[in-house]
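Examining the three-dimensional arrangement
These are the residues of each chain, in order.
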Amino acid sequence: MSAAISATSQLRWAVSDALVVARRNLTHIVRLPQLLVFSTVQPVLFVLMFAYVFGGAIRTPGMNYIDYLLPGIFIQTVAFGSMQTGIGLADDLSKGLIDRFRSLPMARSAVLAGRTLSDAVRSLFVILLMFAVGSLIGFRVGTGPLQAMAALGVALAFGFALSWIGATIGLAAGTPEAVQAGGFVWLFPLVFASSAFVPTESMPGWLQAFAEHQPVTATVDALRALLVGGPATDPVLASLAWSAAILALFMPLAVGRYRRS
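Residues numbered from 1 in each chain as written. Predicted model: local features only at pLDDT ≥ 70, side-chain atom pairs only at ≥ 80, totals over all residues. Heavy atoms only, no water.

Let's talk about the packing of aromatic side chains
The final tally for this structure, using the stated rule, is 11 aromatic pairs. An aromatic cluster is present here, built from F46, F50, F80, F188, F192 and F197 joined pairwise through their rings. Positioned above the aromatic ring of Y68 is the side chain of R224, whose terminal nitrogen or guanidinium carbon lies 3.6 Å from the ring centre. (Phe/Tyr/Trp six-rings, centres within 6.5 Å; stacked < 30°, edge-to-face > 60°. Lys NZ or Arg CZ within 6 Å of the ring centre and 35° of its normal.)

Describing the side chain of S243
Looking at the element boundaries, S243 is found in helix 11 (residues 233-260). Under the relative-accessibility criterion, S243 is labelled buried at 4%. With residues near it in sequence (within four places) discarded, S243 still touches A157, F158 and A161. (Helix = DSSP H or I, 4+ residues; strand = E, 2+ residues; numbered from the N terminus. Buried < 20%, exposed > 50% of the residue type's maximum accessible area, 1.4 Å probe, protein only. Contact = heavy atoms within 4.5 Å.)

What to know about the side chain of T219
Looking at the secondary structure, you find T219 in helix 10 (residues 215-227). Its relative accessible area of 0% is what places T219 among the buried residues. Residue contacts for T219: discarding those within four places in its chain leaves I75, V154, F158 and S239.

Here's the deal with the environment of P215
The residue P215 is located in helix 10 in this model. Expressed as a C-alpha distance, the spacing of P215 and F158, which sit 57 residues apart in the sequence, is 8.7 Å. Among all residues touching P215, those that are not within four sequence positions of it are F158, L190 and W242.

Brief notes about the pattern of salt bridges
The full count for this structure, using the stated rule, is two salt bridges. The salt bridge partner of D221 is R224, with a shortest N-O separation of 3.6 Å. In this pair, D221 and R224 both sit in helix 10, three residues apart, roughly one turn of the helix. Residue classification places D221 among the partly exposed positions, given a relative accessible area of 31%. Using a relative accessible area of 6% as the deciding quantity, one classes R224 as buried. (Salt bridge = Lys/Arg side-chain N within 4 Å of Asp/Glu carboxyl O.)

Points about the confidence of the model for the protein
Detail in the predicted coordinates should be disregarded across regions flagged by low pLDDT. For the protein, per-residue confidence averages 84 on the pLDDT scale, and 90% of positions sit at 70 or higher. At the low end of the mean pLDDT range in the protein sits helix 1 (residues 2-31), at 68; at the high end sits helix 10, at 95. Note on residues 1-5: pLDDT is under 50 here. Beyond four places in sequence and across chains, it has zero contacts. (pLDDT = per-residue confidence, 0-100.)

Observations concerning the packing of helix 3 (residues 65-94) against helix 5 (residues 110-136)
Relative to each other, helix 3 and helix 5 sit at 150°, their axes nearing to 9 Å. Overall, the two elements helix 3 and helix 5 adopt an arrangement that is roughly antiparallel. For helix 3 against helix 5, the interelement crossing comes out right-handed. Counted together, I66, L70, I73, F74, T77, V78, G81, Q84, T85, G88, L89 and D92 of helix 3 and V111, L112, R115, T116, D119, R122, S123, V126, I127, M130, F131 and G134 of helix 5 form the full contact between these two elements. Along the lines of polarity and charge, the residues of the contact of helix 3 with helix 5 split into 12 nonpolar, eight polar and four charged. (Axes fitted to C-alpha atoms, helices over the stretch in contact; angles between N-to-C directions. Parallel < 35°, antiparallel > 145°, perpendicular 65-115°, else oblique. Left-handed = near helix turned anticlockwise from the far one by under 90°. Nonpolar A, V, L, I, M, F, W, Y, C, P; charged D, E, K, R; others polar.)

Brief notes about the nonpolar core
Ranked by size, the top nonpolar core spans 63 residues in total, and within it I75, L112 and F197 carry the most contacts. Elements that contribute at least two residues to this core include exactly helix 2 (33-54), helix 3, helix 4 (97-102), helix 5, helix 6 (145-173), helix 8 (187-192), helix 10 and helix 11. Counting residues per element, this core draws most heavily on helix 3, which supplies 16 residues. Excluding residues that lie within four positions of it along the chain, L112 makes contacts with L89, W164, A167, L171, A254, V255 and Y258. (Core = buried A, V, L, I, M, F, W, Y, C linked by side-chain atoms within 4.5 Å.)

Considerations on the environment of V154
By the secondary structure assignment, V154 is in helix 6. Assessed through its relative accessible area of 5%, V154 is described here as buried. Not counting residues within four places of it along the chain, the set of residues in contact with V154 comprises T219, A222, L223, L226, V236 and S239.

Concerning a nonpolar patch on the surface
Taken together, V41, L45, L48, M49, Y52, V53 and F54 make up a surface patch of nonpolar side chains, about 650 Å² in accessible area. Mapped onto the fold, V53 is located in helix 2. In this structure V53 comes out as exposed when scored by relative accessible area, which is 56%. (Patch = residues over 30% accessible without salt bridge, like charges linked within 9 Å, V, L, I, M, F, W, Y side chains within 5 Å. Areas by Shrake-Rupley, 256 points an atom, 1.4 Å probe, with all protein chains shown as cover.)

Considerations on helix 6
When the terminal C-alpha atoms of helix 6 are compared, their 41 Å separation across 29 residues agrees well with the 42 Å that a helix rising 1.5 Å per residue should span. Following helix 6 by one or two positions, G174 has its phi on the positive side, about 90°. (Expected span 1.5 Å × (residues − 1).)

Next comes the structure, spelled out in structure tokens:
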């Protein structure tokens, strides 16, 4: 009984510390709103460019291109946003703030958990903004509010999983400049060689095989089914399986790297 009580107390302590760190990171964003502004400008530009510049040349049979595009933009947003986790941790590490955290009586997991939680909140705000922008230029949910909420949950779960990859890279790179220079190398193939912006059927055979069996495509297809319509069970389960696998692999890697950094 005492061991169970002790474990429960430690869990509450860790959760409380993680929430404090998350609040610290969100306060930093509020005090430096340009960070949030710059993180929203890029996805807005992608929406407008793909909708008005490339949209007329891309065939999406049975679906308006803007309806096809927005789920891909949502996932692009959370994917690129995951690197903010790495940049933030690298910045804290280079300034000695993580050493200061270690000297405090706080849970070791709080720094990483608080950073990923605060970035999930930021991703939620950006997704809602993208939804508003998409609605202004013609995007419409073709299902219902429950499916839309499920789509939001799937997107945030995927973004949360990717943020642990960003955390691992940030702690390994050590400086924000290094994270910015190399952090997107693995993201660009995943995002652009997927069903986010064009149907995979239009790709060469070798690239199509990759595009159809990777996490971004699975998650974009899940959001498209939940928001626009179509069979959703298989793509949703595939996306959640990818998110769980990424977390199972990169959470221990990030924690181990944090302990050694």
